[in-house]
Amino acid sequence: GGVLAAALAAKGPTLLVERGPNNTAYPQSAVPQGWPQIAVIAAEAQRAHDSGMWTLVPAVLGGGSALNGAVCWRGEVAAFEALGFSSSETAAAFEAIEAAPCAQPAAT
């Protein structure tokens, strides 16, 4: 949600609304090892329309990061296209997000 909100904010005024209680209500959300427990208590299962795959939708402040210990999944391109982003913009954003956690600091 935060990454998408930042991209939308670059195009104009944006409001990010998270659903669910504050993530501090679930101490399991503070550590990656807590994700199996938090996934059971702070998410709802939904089936993707185009692929038929099941996914968990966060219902806690902090969204997916609180739910899954900041593990990232690629969203469906069609969802971003419906928001006005091209498939090339979406692919570039996915690649940037996936590269950021693994980026190595420059040698000094």
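Report on the accompanying structure. (Residues numbered from 1 in each chain as written. Predicted model: local features only at pLDDT ≥ 70, side-chain atom pairs only at ≥ 80, totals over all residues. Heavy atoms only, no water.)

1. A short note on the overall build of the protein chain
Tallying secondary structure elements over the protein chain gives five helices and two strands in all. The linear arrangement of helices and strands in the protein chain, starting from the amino end, is α-α-β-β-α-α-α. Here the protein chain, with 108 residues, has 16% of them falling under the buried criterion. Within the protein chain, counting contacts between residues at least 6 apart in sequence, those at least 24 apart form 47% of the total. Of the roughly 7600 Å² that the protein chain leaves accessible, carbon and sulfur atoms contribute 63%. (Helix = DSSP H or I, 4+ residues; strand = E, 2+ residues; numbered from the N terminus. Buried < 20%, exposed > 50% of the residue type's maximum accessible area, 1.4 Å probe, protein only. Contact = heavy atoms within 4.5 Å. Areas by Shrake-Rupley, 256 points an atom, 1.4 Å probe, with all protein chains shown as cover.)

2. Quick look at the packing of aromatic side chains
Applying the stated criterion across every chain yields a total of one aromatic pair. The interplanar angle of 85 degrees and the centroid separation of 5.6 Å between the aromatic rings of F80 and F94 together place this pair among those described as edge-to-face. Separated by 14 residues along the polypeptide, F80 in helix α4 (residues 77-81) and F94 in helix α5 (residues 87-99) bring together distant segments of the chain. According to the relative accessible area criterion, F94 is buried, its value standing at 10%. (Phe/Tyr/Trp six-rings, centres within 6.5 Å; stacked < 30°, edge-to-face > 60°.)

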